[in-house]
Amino acid sequence: MNFDHDTVVGFTKSWGLFYLIAMAVGVLIYVFWPSNLERFHAAKKNILDEDDKPWK
Amino acid sequence: MAEFHRKIERNAMGFVLAIVVVASIGGFVEIAPLFTIDDTVENVQDMRLYTPLEQAGRDIYTREGCYACHSQMIRTLRDEVERYGPYSLAVESKYDHPMLWGSKRTGPDLARIGGKYSDAWQVAHLINPRDVVPESVMPKYGWLQRNALRIDDLGEHLAALRDVGVPYTDDMIANATQDALGQAAPDGDFAAGVVKRYGQATQVRAFDGDPGTITEMDALVAYLQIMGHLTDAAYKQAAAAEPAK
Amino acid sequence: MRVGVLCSTKWGTLDMVAQLTTGERQLAIVVLSLVALLGLAMAAAGRADPIGVHGFIVLAICCGLIFVVLGAYYAPEPSPERLEHYYDDPSKVGIVLTMAWAVVGMFLGVWVASLLAWPDLTFDAAWASFGRLRPAHTSAVIFGFGGNALIATSFHVLQRTSRARLPDQFSPWFVLIGYNLFCVVAATGYFMGVTQSKEYAEPEWYADIWLVVVWVTYFAIYIRTLARRKEPHIYVANWYYMAFILVVAILHIVNNLAVPVSFGHAKSYSVFSGVQDAMVQWWYGHNAVAFFLTAGFLGMMYYYLPKRAGRPIYSYRLSIISFWGITFMYMWAGSHHLLYTALPQWVQTLGMTFSLILLVPSWASAGNALATLNGAWHKVRDDATLRFMMAAAVFYGLTTFEGSFLAIRPVNSLSHYTDWTVGHVHAGALGWVALITFGSIYCIVPWLWKRERMYSARLVEVHFWLAIIGTVIYVFAMWNSGIIQGLMWRTYNENGTLTYSFVESMVAMHPYYIARAFGGLLFLMGAIVGSYNIWMTIRGEAEVAPESADLPEPRLASAPGE
Ligand code: HEM
């Protein structure tokens with residue numbers, strides 16, 4: 001491949017954008033995946049628990 | 001998707017990798033092309049190297065933190081060009097390891113300070129800025145005039161710079177100490193050598209006014225006086241762009 | 001387990017050494033001896049150079065520490081019951097160091113600020129000149145104060161959220177002490193003129209290499225503890241701490257690549273030059289702000305704020321979305337430091353665009369924090385500690401908004417190189433970083449030392465107001481001076497020439513520089529009041545607190561204003 005200025009910049013601009021979109025979609029799917037909801041809920045509450053000890 | 005994420009999460013190493021990849025891409029994409037492309041740094045013929053004395057002065061400039069108050073980067077804005085001179089080109093800091101563009105102008109930009117004042121003004125200003133500019137808030141640098149410059153290791157400095165890409169020759173490295181002495185003592189034995197190695201335009205003067213001893217002041221003033229004059233490219237470009245008066 | 005015979009103070013260093021197993025004590029002595037030898041080698045190689053002085057400093061510190069370890073070397077083995085508890089000794093020392101660096105660093109800040117108003121307010125000596133004190137200030141506050149706060153709290157949060165003890169008792173000390181050794185070498189270096197000039201990456205090559213060793217150990221502690229966590233899910237605060245550790249490592253290694261003049265020279269030359277160096281430096285500089293001063297402290301916020309408020313974070317999902325947004329987008333934004341320079345245009349545009357989008361995840365975080373407090377405003381009113389954290393979230397929102405605004409090219413053409421940038425930096429540094437840190441410290445101190453509450457709730461209140469007023473004065477002064485300066489530089493008169501000389505613009509700054517120094521002084525006084533309060537809390541009588549005393553909410557009512 002010819003590695004000149006325009007190729008590199010073109011690559012950056014196009015793939016950079018795809019990457020941004022893919023990233024965003026991935027994160028959103030993860031966050032809104034129904035079965036994850038419960039774990040998020042637990043995580044959110046867990047830190048307020050009182051048992052202040054290592055678990056094992 | 002969810003299964004994939006659960007795996008990533010349970011294994012903290014996967015998570016680590018995800019962070020590294022996601023975070024690296026931005027920097028990589030912006031920085032890598034700067035090394036592969038030609039037109040980042042203009043190609044000019046007359047670009048010259050810092051002499052050992054000037055490089056020592058540059059190191060003092062770094063040491064004293066002059067960059068904390070002075071920029072060396074004239075932006076492409078009309079008022080900056082009128083105040084300081086032609087805007088800075090990338091090539092002008094090609095041999096600057098590291099660059100000293102700065103980020104704060106408590107004092108004026110220095111990119112084109114070379115030749116603006118006499119050596120005597122620079123020395124007086126550095127010893128006590130308020131003697132010359134009564135309102136100035138710049139610090140005094142009296143010790144530069146008192147400290148002898150360390151010159152025995154200048155060859156090692158040039159050699160390290162060559163390792164990072166500055167084209168110093170063996171001859172320059174071997175004679176670094178003499179060249180520093182020569183540049184600050186126009187009537188001395190070594191003055192001819194430095195001109196031979198670094199070109200006719202090299203400024204050979206007793207920068208601190210005393211040819212007898214070589215001080216840190218000599219080095220710093222030599223550096224200030226060359227600033228903006230390693231190449232004429234910026235001035236030529238500005239002249240070409242100027243509409244005929 | 002207390003070995004009370006050995007030491008009369010309640011948390012003496014000897015007690016802490018006695019907590020180490022014999023194996024760990026031996027390891028400590030071996031490692032300290034090796035580092036001491038390294039110091040000796042530096043001292044020998046750099047006789048005529050500042051690196052030699054650094055060698056002696058390293059040697060002296062290591063020898064001192066060897067004596068400390070030897071002092072309790074023959075103390076009985078710690079009881080196995082220790083494994084039932086979290087290991088908090090390094091966090092305790094880390095908190096004390098945080099406050100010490102805060103006072104030192106902010107004192108330097110006030111001094112530097114005063115020098116810009118009264119340039120001769122210093123000693124006629126190289127070490128005390130502005131150009132050397134300024135990096136000492138920035139490093140002392142960012143790395144000394146901020147870094148110690150991050151290390152101390154991260155150990156605390158990591159253990160609580162994983163419900164796992166730190167993997168061993170030696171490596172956390174190595175990280176904490178090794179990191180402070182780095183800070184000491186950095187700070188003393190500036191006074192001697194040792195600097196690479198790269199902002200926030202000033203320390204020279206040997207300090208940089210040392211920091212890599214420390215950082216790898218730090219990372220290993222995180223991974224080893226997480227591997228033993230109870231829940232499969234990792235709490236979001238740890239995500240931020242991890243991003244902080246990882247990305248800072250990448251940035252640090254790349255930006256500091258350099259060739260030393262010789263092993264006997266402190267001086268090195270960066271492998272990068274000119275534009276490439278500028279881009280690498282600001283990619284580093286901007287993301288040091290993003291991952292050191294933002295991500296790490298967001299980790300702090302996501303743990304201590306809900307804990308103190310006694311309410312779960314408003315939206316866990318939002319915290320994840322903003323995490324990936326910040327991690328991804330910050331790395332593109334560095335080039336906004338180089339607008340209108342010799343950097344290629346397309347990189348500038350990319351930097352500006354991403355800086356604008358960054359506002360979304362940033363405000364999501366700030367909003368999430370404030371929404372968490374919704375319904376607990378009475379607590380915010382009564383509890384200055386919680387108010388510290390609330391104010392931090394507000395300043396975080398303001399500063400990120402301002403940051404995006406400053407990245408717009410025409411705005412930047414005015415603001416760059418002026419005090420406006422400094423005002424922006426300190427809105428973040430004082431308003432966000434320092435306030436969230438003080439808030440978290442006021443939570444953690446009573447928990448760690450098993451005290452019912454801080455020594456004086458009133459003093460927390462005093463600190464809060466000193467900090468807020470100081471920040472506001474500082475930031476307003478710099479907005480004014482920055483904008484005036486920027487306008488004066490570009491004002492033309494009717495002949496089409498520049499109206500003001502540079503010196504005229506400099507003179508116009510004088511009143512604002514005085515105001516800034518005053519604002520900073522108030523902020524410093526707040527930090528001193530806070531240190532006193534913390535010290536008195538530590539010295540106070542321990543009530544033998546039950547385990548659950550580690551939690552704040554039930555006592556809020558009985559300690560109003562704490
Ligand atoms: C007592 C409080 C403080 C005072 C009086 C103060 C004062 C100053 C001064 C005078 C400067 C130099 C500005 C210039 O060159 O014009 C500065 C720079 C800086 N300070 Fe502070 N500071 C304080 C607290 C902090 C804190 C807590 C942090 C970070 C956590 C911080 C981070 C910085 C940074 C990053 C810079 C460099 C700014 C730039 O390059 O644009 N400061 N400070």
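Residues numbered from 1 in each chain as written. Chains lettered and ligands numbered in written order. Predicted model: local features only at pLDDT ≥ 70, side-chain atom pairs only at ≥ 80, totals over all residues. Heavy atoms only, no water.

Moving on to the overall build of chain B. Assigned secondary structure in chain B consists of 13 helices and zero strands. Counting helices and strands in the order they occur from the N terminus, chain B gives α-α-α-α-α-α-α-α-α-α-α-α-α. Long-range pairs, those at least 24 residues apart, make up 68% of the contacts in chain B with a sequence separation of at least 6. Per element, the accessible surface of chain B, about 10000 Å² overall, is 58% carbon and sulfur. (Helix = DSSP H or I, 4+ residues; strand = E, 2+ residues; numbered from the N terminus. Contact = heavy atoms within 4.5 Å. Areas by Shrake-Rupley, 256 points an atom, 1.4 Å probe, with all protein chains shown as cover.)

Right, let's talk about the coordination of the iron atom of the ligand for a bit. Residue and element names in this part refer to chain C. Every protein donor of the iron atom of the ligand is accounted for by H137 (NE2) and H426 (NE2), and the metal-donor separations fall at 2.0 to 2.1 Å. For the iron atom of the ligand, the six donor atoms in the first shell make angles of 82 to 180° at the metal, so the coordination geometry reads as octahedral. One end of the pair, H137, is in helix 5 (residues 130–162); the other, H426, is in helix 16 (residues 419–448), with 289 residues separating them in the sequence. An identical accessibility class is assigned to H137 and H426; each is buried. (Donors = N, O, S within 2.8 Å, 3.2 Å for Na, K, Ca; no water. Tetrahedral: all angles 85-135°; square planar, octahedral: opposite > 155°, others 65-115°. Buried < 20%, exposed > 50% of the residue type's maximum accessible area, 1.4 Å probe, protein only.)

The next subject is empty space enclosed by the protein. Left-over empty space is what a probe sized like a water molecule reveals as it rolls over the atoms. Residue and element names in this part refer to chain B. Tallied over the entire structure, the rule returns 12 cavities of 30 Å³ or more. Approximately 190 Å³ is the volume attributed to the second largest cavity. Taken together, 15 residues line the second largest cavity, and the ones lying closest to its centre are Q72, E92, D96, A111 and G228. (1 Å grid on protein atoms, 1.4 Å probe; cavity = no way out; pocket = protein on both sides within 12 Å on 5 of 7 lines; lining within 4 Å. Points joined across faces, edges and corners; volume = space filled by probe spheres on them.)

With that settled, consider the pattern of salt bridges. Throughout the structure, instances matching the rule amount to 26 salt bridges over all chains. Measuring nitrogen to oxygen at the nearest pair gives 2.9 Å for the salt bridge that ties R63 of chain B to E64 of chain B. Given a relative accessible area of 1%, E64 of chain B falls into the buried group. Note that E80 of chain B is salt-bridged to R105 of chain B, the shortest N-O span being 2.9 Å. Of this pair, E80 of chain B sits in helix 4 (residues 78–84) while R105 of chain B is found in the loop between helix 4 and helix 5 (119–127), placing the two residues 25 residues apart along the sequence. Residue E80 of chain B shares its accessibility class with R105 of chain B, and that shared class is buried. Residues joined by salt bridges that share partners form a network here, namely R63, E64 and E216 of chain B together with R132 of chain C. (Salt bridge = Lys/Arg side-chain N within 4 Å of Asp/Glu carboxyl O.)

Right, let's talk about the site of the ligand for a bit. Taken together, 26 residues form the shell around the ligand, and within it R134, H137, E199, H426 and A429 of chain C come nearest. Around the ligand, the nearby residues trace back to chains B and C. Within the side chain of H137 of chain C, a nitrogen or oxygen atom sits 2.7 Å from a nitrogen atom of the ligand. Within the contact set of the ligand, an oxygen atom lies 3.4 Å away from a side-chain nitrogen or oxygen of Y200 of chain C. (Near = heavy atom within 4 Å. Polar contact = N/O pair within 3.5 Å; in protein donor to acceptor, adjacent residues only side chain to side chain.)

The partner chain C presents 92 residues to the 79 residues of chain B that form the contact. Interface area, chain B with chain C, both sides summed: about 7400 Å², of which 66% is carbon and sulfur. Put simply, chain B and chain C have five salt bridges between them. Across the salt bridge formed by K267 of chain C and D59 of chain B, the nearest N and O atoms sit 3.6 Å from each other. At the junction of chain B with chain C, the criterion picks out 23 residue pairs in polar contact (both at pLDDT 80 or more). Sorting the residues of the side of chain B that touches chain C by element identifies helix 1 (2–10), helix 2 (12–36), helix 3 (52–63), helix 4 and helix 8 (154–163) of chain B as the ones contributing at least two each. With 19 residues, helix 2 of chain B is the single largest residue contributor to the side of chain B that touches chain C. Across the side of chain B that touches chain C, the residue classes tally to 38 nonpolar, 18 polar and 23 charged. (Buried area = accessible area lost by both parts, 1.4 Å probe. Nonpolar A, V, L, I, M, F, W, Y, C, P; charged D, E, K, R; others polar.)

Now for helix 10 (residues 176–184) of chain B. Looking only at helix 10 of chain B, the buried set comprises A176, D179, A180, G182, Q183 and A184 of chain B. Residues of helix 10 of chain B that are buried sit in contact with helix 3, helix 8, helix 9 (170–174), helix 11 (191–198) and helix 12 (216–226) of chain B.

This next bit is on the confidence of the model for chain C. All names here are of chain C. Per-residue pLDDT for chain C averages 91, and the proportion of residues at 70 or more is 94%. Put simply, helix 11 (residues 345–357) is where chain C has its lowest mean pLDDT, 83, and helix 6 (residues 171–191) is where it has its highest, 98. With pLDDT under 50 throughout, residues 546–562 is counted as low confidence; its partners more than four residues away or in other chains account for 41 contacts. Overall fold confidence (pTM) sits at 0.92, and the ipTM for the predicted complex is 0.92. (pLDDT = per-residue confidence, 0-100.)

All right, on to the packing of helix 3 of chain B against helix 12 of chain B then. Residues and elements named next belong to chain B. In the contact formed by helix 3 and helix 12, the axes pass within 7 Å of each other and the chain directions differ by 100°. By the angle between their directions, the pair helix 3 and helix 12 is classed as roughly perpendicular. Mapping the contact onto sequence places L53, E54, A56, G57, R58, I60, Y61 and R63 in helix 3 and E216, D218, A219, L220, A222, Y223, L224 and I226 in helix 12. (Axes fitted to C-alpha atoms, helices over the stretch in contact; angles between N-to-C directions. Parallel < 35°, antiparallel > 145°, perpendicular 65-115°, else oblique.)

A word on the nonpolar core. One finds W324 and F438 of chain C to be the most contacted residues of the largest nonpolar core, which totals 216 residues. Looking at this core element by element, the count peaks at 22 residues for helix 9 (residues 274–309) of chain C. Once residues within four sequence positions are removed from consideration, F438 of chain C is found in contact with M99, M106, F145, F388, H463, F523 and A527 of chain C. Counting residues in each nonpolar core, the second largest holds 57 residues, with L100, I113, A160 and L224 of chain B among its members. (Core = buried A, V, L, I, M, F, W, Y, C linked by side-chain atoms within 4.5 Å.)

As a further point, take the packing of aromatic side chains. In total, this model carries 51 aromatic pairs over all chains according to the counting rule given. Ring centres of Y141 of chain B and W143 of chain B lie 5.4 Å apart, and the angle between their planes is 65°; on these two criteria the pair is classed as edge-to-face. Ring geometry for W489 of chain C and F502 of chain C: centres 5.7 Å apart, planes at 20°, overall stacked. You can see W489 of chain C sitting in helix 17 (residues 457–489) and its partner F502 of chain C sitting in helix 18 (residues 502–508), a full 13 residues away along the chain. For the pair shown, W489 of chain C and F502 of chain C are each scored as buried. Taken together, the ring pairs in this structure connect F143, F155, Y179, F182, W215, Y218, Y222, Y241, F244 and F292 of chain C into an aromatic cluster. The ring centre of Y235 of chain B lies 5.0 Å from the NZ or CZ of R112 of chain B, which sits over that ring. Over the ring of F464 of chain C we find R387 of chain C, and its NZ or CZ is 4.9 Å from the ring centre. (Phe/Tyr/Trp six-rings, centres within 6.5 Å; stacked < 30°, edge-to-face > 60°. Lys NZ or Arg CZ within 6 Å of the ring centre and 35° of its normal.)

Before going further, it helps to spend a moment on a nonpolar patch on the surface. Residue and element names in this part refer to chain A. Taken together, L17, I21, V25, I29 and W33 make up a surface patch of nonpolar side chains, about 420 Å² in accessible area. As for its position among the elements, I21 is in helix 1 (residues 5–32). Residue classification places I21 among the partly exposed positions, given a relative accessible area of 46%. (Patch = residues over 30% accessible without salt bridge, like charges linked within 9 Å, V, L, I, M, F, W, Y side chains within 5 Å.)

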